[in-house]
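# Structural overview for review
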Amino acid sequence: MTRIVVIDNHGQFTHLEHRALRDLGVDVELLDNDTPAEEIDADGVVLSGGPDMDRIGNCADYLELDVPVLGICLGMQILAAELDGAVGSGDYGGYADVNVEILDDEDPLVGSLAPETRVWASHADEVKELPEGFVHTGTSDVCGIESMSDTDRDLYGVQWHPEVAHTEEGQAVFENFLGICEQ
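Residues numbered from 1 in each chain as written. Predicted model: local features only at pLDDT ≥ 70, side-chain atom pairs only at ≥ 80, totals over all residues. Heavy atoms only, no water.

This is how the line gets drawn: UniProt positions are given in the numbering used here, feature names are shortened, and annotations may be inferred rather than shown by experiment.
Per an unreviewed UniProt entry, the protein chain goes by the name GMP synthase [glutamine-hydrolyzing] subunit A and belongs to Halopelagius fulvigenes. UniProt lists a comment for the protein chain under the heading Subunit (unreviewed entry), and it reads "Heterodimer composed of a glutamine amidotransferase subunit (A) and a GMP-binding subunit (B)." Turning to the protein chain, the UniProt annotation filed under Catalytic activity (unreviewed entry) states: "XMP + L-glutamine + ATP + H2O = GMP + L-glutamate + AMP + diphosphate + 2 H(+)".

Laid out in structure tokens, this is it:
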């Protein structure tokens, strides 16, 4: 059975990420972000959302585990910040119901959502510049970089929250990530 750990970055929806994966039949565990990387035995890692970059614990170390990583909201920003992209304040600070245009219908994480999908996202902070090796896979009127992928390293990020009911095709994001982890 595929095992995925959800790293708790103290976000309000982290338990829903855990539940979404559990509902797919995944062996899933919720771990605090101060868990040492060497104690993680998993086929994939989800970096949850959370309040700010000052409380990301050992998240940078989890990027070296050589397993697929999905960053959600703050988790995506962690990917960008740790891999020499850029993160900054968003023009729209709060949560919003947003239409995301999928830019790459071949992307293993979000391609199945093309041509667009309706999501629930927070844009207080957002990725402003992609890290090297990443492809821009989703955009909206609210946020230029709504999703990104580095398929060579199996690193993926979405600015939105696929785990909440307001995101129309959120479960598909988790199903696609599970497929990536099972390859």
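## Some thoughts on the overall build of the protein chain
In plain terms, the rule: Runs of E in the DSSP output that reach at least two residues are strands. Runs of H or I that reach at least four are helices, and both are numbered from the N terminus. We compute the radius of gyration over the C-alpha atoms and compare it with the globule rule, which gives 2.2 Å times the number of residues raised to the power 0.38. Three labels apply to residues, based on accessible area from a 1.4 Å probe with only protein chains included: buried if under 20% of the type maximum, exposed if over 50%, partly exposed otherwise in between. In what follows, a contact means two residues having at least one pair of non-hydrogen atoms within 4.5 Å.
Helices and strands together make up the secondary structure of the protein chain, namely four helices and 11 strands. Against the 2.2 N^0.38 benchmark of 16 Å for 183 residues, the protein chain shows a C-alpha radius of gyration of 14 Å, consistent with a compact globule. For the protein chain, the spread of C-alpha atoms along the principal axes amounts to about 40 × 30 × 30 Å. Classification of the 183 residues of the protein chain by burial places 54% in the buried group. Taking as baseline every contact in the protein chain between residues at least 6 positions apart, the subset at least 24 positions apart corresponds to 68%.

## A word on the UniProt feature "active site" (unreviewed entry) in the protein chain
Defined as follows: Think of a polar contact as two N or O atoms within 3.5 Å of one another; within protein, one of them needs to be a possible hydrogen donor and the other a possible acceptor, and neighboring residues in sequence only count if both atoms come from side chains.
When the UniProt feature table is mapped onto this chain, "active site" (unreviewed entry) is found at Cys-73, His-161 and Glu-163. Spatially, the listed residues are clustered: although they cover 91 residues, their C-alpha atoms lie within 11.2 Å of one another. Positionally, Cys-73 belongs in the loop between strand S4 (69–72) and helix H3 (74–82). Note on Cys-73: relative accessible area 7%, which makes it buried. If near-sequence neighbours (up to four positions away) are discounted, Cys-73 is found in contact with Gly-49, Ser-122, Val-158, Gln-159, Trp-160 and His-161. You can see His-161 is positioned in the loop between strand S11 (155–158) and helix H4 (170–181). Judged by its relative accessible area of 4%, His-161 falls in the buried class. Apart from residues lying up to four places away in sequence, His-161 is in contact with Phe-13, Ile-72, Cys-73, Tyr-95, Trp-120, Ser-122 and Thr-167. There is a polar contact of 2.7 Å between the side chain of His-161 and the side chain of Glu-163.

## A closer look at the environment of Glu-129
Locating Glu-129 in the fold gives a position in strand S8 (residues 125–129). Looking at Glu-129, the relative accessible area reads 47%, which means it is partly exposed. Taking the C-alpha atoms as reference, Glu-129 lies 9.1 Å from Gly-88; in sequence the two are 41 residues apart.

## Describing the pairing of strand S1 (residues 3–8)
For the record, the criterion: Note: two strands are recorded as paired if DSSP finds a minimum of 2 bridges between them. When the strands point away from the viewer and the path from the first strand over the helix to the second turns clockwise, the crossover is right-handed.
Counting buried positions along S1 yields five of six residues, so the element is predominantly enclosed. When S1 meets strand S2 (residues 27–32), the two strands line up parallel, connected through six bridges. Counted as the bridge partner of Ile-4 is Val-28 from S2. With helix H1 (residues 14–23) bridging S1 and its parallel neighbour S2, the resulting β-α-β unit is right-handed. By the bridge criterion, four bridges tie S1 to strand S3 (residues 44–47) in an arrangement that is parallel. Note on S3: the bridge partner recorded for Val-6 is Val-46.

## Observations concerning the sheet that holds strand S6 (residues 95–102)
Selection criterion: The axes are straight lines fitted to the C-alpha atoms, using for helices just the contacting stretch, and the angles between their N-to-C directions are given from 0 to 180°.
Strand order in the open sheet formed by nine strands is S2-S1-S3-S4-S11-S10-S9-S6-S7, and the pairing between neighbours is mixed. The open sheet has two edge strands with one neighbour each: S2 and strand S7 (116–122). Mean inter-strand twist for the sheet, computed between neighbouring axes without regard to direction, equals 25°. Pairing geometry for strand S10 (residues 147–150) and S11, over four bridges, is antiparallel. Looking at S11, one finds that Asp-150 is bridged to Leu-155. Sitting on the sheet, H4 is in contact with S1, S3, S4 and S11, with an inclination near 155° to S4.

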